[in-house]
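The chain contents come next:
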Amino acid sequence: MLIDTHCHLDAAEFDADREAVIEAARGQGVAGFLVPAVAADNFAAVARLSAANPDCAHAYGIHPLYVKQARDEDVDVLRDRLADRTAVAVGEIGLDGYVVDGDLPRQERFLEVQLKLAVAFGLPVVLHIRRAQDRVLKALRRHRPPGGIAHAFNGSRQQAEAFIGLGFKLGFGGAMTYSGSRRIRELAATLPLSVIVLETDAPDIAPAWGAGQRNDPANIRRMAGVLADLRGMDVGEVIEATGANALAAIPGLGRLRRGRAPGSDCGQ
């Protein structure tokens, strides 16, 4: 089962052709999509998208780069949304130490409260981490959510093993397709396959063959091929394993149903 574990199909970049984009991905064999929210303002949009597409699931969360404009009461909105039990994860949440004016202390406050909500609702988390691996690990050790995915993983081997030890899978996608991304490619090639999931982060992190263009979920099949080449494996084995890993990381994805055949359970 080919699953895109991270794609922002609700983004404005897809407003003109969203359904065509989803259908094109299905045509490439994509059986499931996880669409994480980034702010309270788009909770309703990701919920509508998954309600309209049986092979889409959504997560609710406040992205670290959106906490600056977020209101404290948005946490209450998030709590109410999680209470409806339609989300399969809390995300996209985390820390971003790359941007100059990111206000890390405020990011950390939002991360802490969202991890507490994940624990309270028994939901895995989808993590955004840039130049903040150790800070996020510290927060995870304190609150212990039930695993999830470290999205667009770009840390060290030691940090990878720390996330794995806390029950997380690691997301690999567009960055892995560039020959210059040596550390990421080395990790993709040598980490246990059982800890890797595939993702596009569409419309962002375009692969090498589409540099500078909008990234679409259909690209994930070629990304699976890149991972297979890096590991010297058959692409079918990679797709099967990473799909199983996605279901292990985000159990709620097991209730997805294929877009082409709404009666067939993707979790079986």
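Further up the page is the structure itself.
Let me sum up the structure you'll find in this document. Note that the structure is predicted; figures quoted are calculated from it, not measured. (Residues numbered from 1 in each chain as written. Predicted model: local features only at pLDDT ≥ 70, side-chain atom pairs only at ≥ 80, totals over all residues. Heavy atoms only, no water.)

Details of the overall build of the protein
If you tally the helices and strands in the protein, you get nine helices and eight strands. Taken over the C-alpha trace, the protein has a radius of gyration of 17 Å; the compact-globule value for 268 residues is 18 Å, and the two agree within 12%. Viewed in the frame of its principal axes, the protein has a C-alpha envelope of about 45 × 40 × 35 Å. Among the 268 residues that make up the protein, the fraction classed as buried is 56%. The contacts in the protein between residues at least 6 apart in sequence include a share of 68% that link residues at least 24 apart. On the protein, roughly 11100 Å² of surface is accessible, and the fraction owed to carbon and sulfur atoms is 48%. Looking at charge distribution, the protein has the averaged site of its 31 positive side-chain charges lying 4 Å from that of its 33 negative ones. (Helix = DSSP H or I, 4+ residues; strand = E, 2+ residues; numbered from the N terminus. Rg over C-alpha atoms; globule rule 2.2 N^0.38 Å. Buried < 20%, exposed > 50% of the residue type's maximum accessible area, 1.4 Å probe, protein only. Contact = heavy atoms within 4.5 Å. Areas by Shrake-Rupley, 256 points an atom, 1.4 Å probe, with all protein chains shown as cover. Lys, Arg positive; Asp, Glu negative; His and termini not counted. Charge placed at Lys NZ, Arg CZ, Asp CG, Glu CD.)

Considerations on the sheet that holds strand β1 (residues 2-4)
Strands sit in the order β1-β2-β3-β4-β5-β6-β7-β8 across an open sheet of eight strands; the sheet is parallel. Either end of the sheet is taken by a strand with one partner, and the two such strands are β1 and β8 (196-198). Strand-to-strand twist of the sheet, defined as the mean angle between neighbouring strand axes without regard to direction, takes the value 30°. Taken strand by strand, helix α5 (residues 133-143) contacts β4 (89-96), β5 (125-130) and β7 (168-172), and its axis lies near 150° from that of β5. (Pairing = 2+ DSSP bridges. Axes fitted to C-alpha atoms, helices over the stretch in contact; angles between N-to-C directions.)

Regarding the packing of aromatic side chains
This model, assessed by the stated rule, comprises three aromatic pairs. With a centroid separation of 6.3 Å and 80° between ring planes, the pair formed by phenylalanine 163 and phenylalanine 168 is classed as edge-to-face. Here the two residues phenylalanine 163 and phenylalanine 168 agree in accessibility, since each one is buried. Counting every residue linked through ring pairs, the aromatic cluster contains Phe153, Phe163 and Phe168. It is arginine 222 that lies over the ring of tryptophan 209; its NZ or CZ is 4.0 Å from the centre. (Phe/Tyr/Trp six-rings, centres within 6.5 Å; stacked < 30°, edge-to-face > 60°. Lys NZ or Arg CZ within 6 Å of the ring centre and 35° of its normal.)

Focus: the state of the cysteines
In total, this model carries zero disulfides according to the counting rule given. Counting only cysteine sulfurs, cysteine 56 is the nearest neighbor of cysteine 7, a cysteine outside any disulfide, at a range of 6.7 Å. Owing to a relative accessible area of 5%, cysteine 56 belongs among the buried residues under this scheme. (Disulfide = S-S within 2.5 Å.)

Details of the side chain of histidine 63
Tracing the chain through its elements places histidine 63 in the loop between β3 (56-60) and α3 (74-82). In this structure the side chain of histidine 63 is engaged in a polar contact, spanning 3.2 Å, whose partner is the side chain of histidine 128. Every residue in contact with histidine 63, bar those within four places of it in the chain, is listed here: Val38, Glu92 and His128. (Polar contact = N/O pair within 3.5 Å; in protein donor to acceptor, adjacent residues only side chain to side chain.)

Observations concerning the nonpolar core
The nonpolar side chains of a soluble globular protein tend to be buried with one another. If you look at the biggest cluster of nonpolar residues, it comprises 70 residues, and the most contacted ones within it are Leu9, Leu82, Leu127, Phe163, Phe172 and Met176. Setting aside residues up to four positions removed in sequence, leucine 9 forms contacts with Phe14, Arg18, Val21, Ile22, Phe33, Val35, Leu49, Cys56 and Pro217. Counting residues in each nonpolar core, the second largest holds 15 residues, with Ile3, Ala57, Ile149 and Ile250 among its members. (Core = buried A, V, L, I, M, F, W, Y, C linked by side-chain atoms within 4.5 Å.)

Describing the pairing of strand β2 (residues 30-36)
Regular strands place side chains that alternate from one sheet face to the opposite one. For β2, the tally of buried residues reaches seven of seven residues, placing the bulk of the element in the interior. Relative to β2, β1 runs parallel, the two being bridged by three bridges. Counted as the bridge partner of isoleucine 3 is glycine 32 from β2. The β-α-β motif built from β1, the intervening helix α1 (residues 18-27) and the parallel element β2 has right-handed crossover chirality. In terms of strand pairing, β2 meets β3 through four bridges, oriented parallel. For leucine 34, the partnering residue across the bridge sits in β3 and is alanine 57. Crossover connection from β2 via helix α2 (residues 43-52) to parallel β3: handedness right-handed. (Right-handed = clockwise from strand over helix to strand, strands pointing away.)

Description of unusual backbone geometry
Trans peptide bonds make up most of the peptide bonds, and negative phi angles are found at most residues other than glycine. Between glycine 91 and glutamate 92 the backbone carries a cis peptide bond, its omega angle lying at 15°. Its place among the elements puts glutamate 92 in strand β4. The residue arginine 144 is not glycine, and still its phi comes out positive at about 55°. Secondary-structure assignment places arginine 144 in the loop between α5 and β6 (148-151). Unlike most non-glycine residues, aspartate 201 shows phi in positive territory, near 60°. Following the sequence through the fold, aspartate 201 ends up in the loop between β8 and α8 (220-231).

Remarks on the pattern of salt bridges
This model, assessed by the stated rule, comprises 13 salt bridges. With a closest N to O distance of 2.8 Å, aspartate 216 and arginine 214 form a salt bridge. Assessed through its relative accessible area of 30%, arginine 214 is described here as partly exposed. Within this structure, Asp17, Arg214 and Asp216 form a network of salt bridges that share partners. (Salt bridge = Lys/Arg side-chain N within 4 Å of Asp/Glu carboxyl O.)

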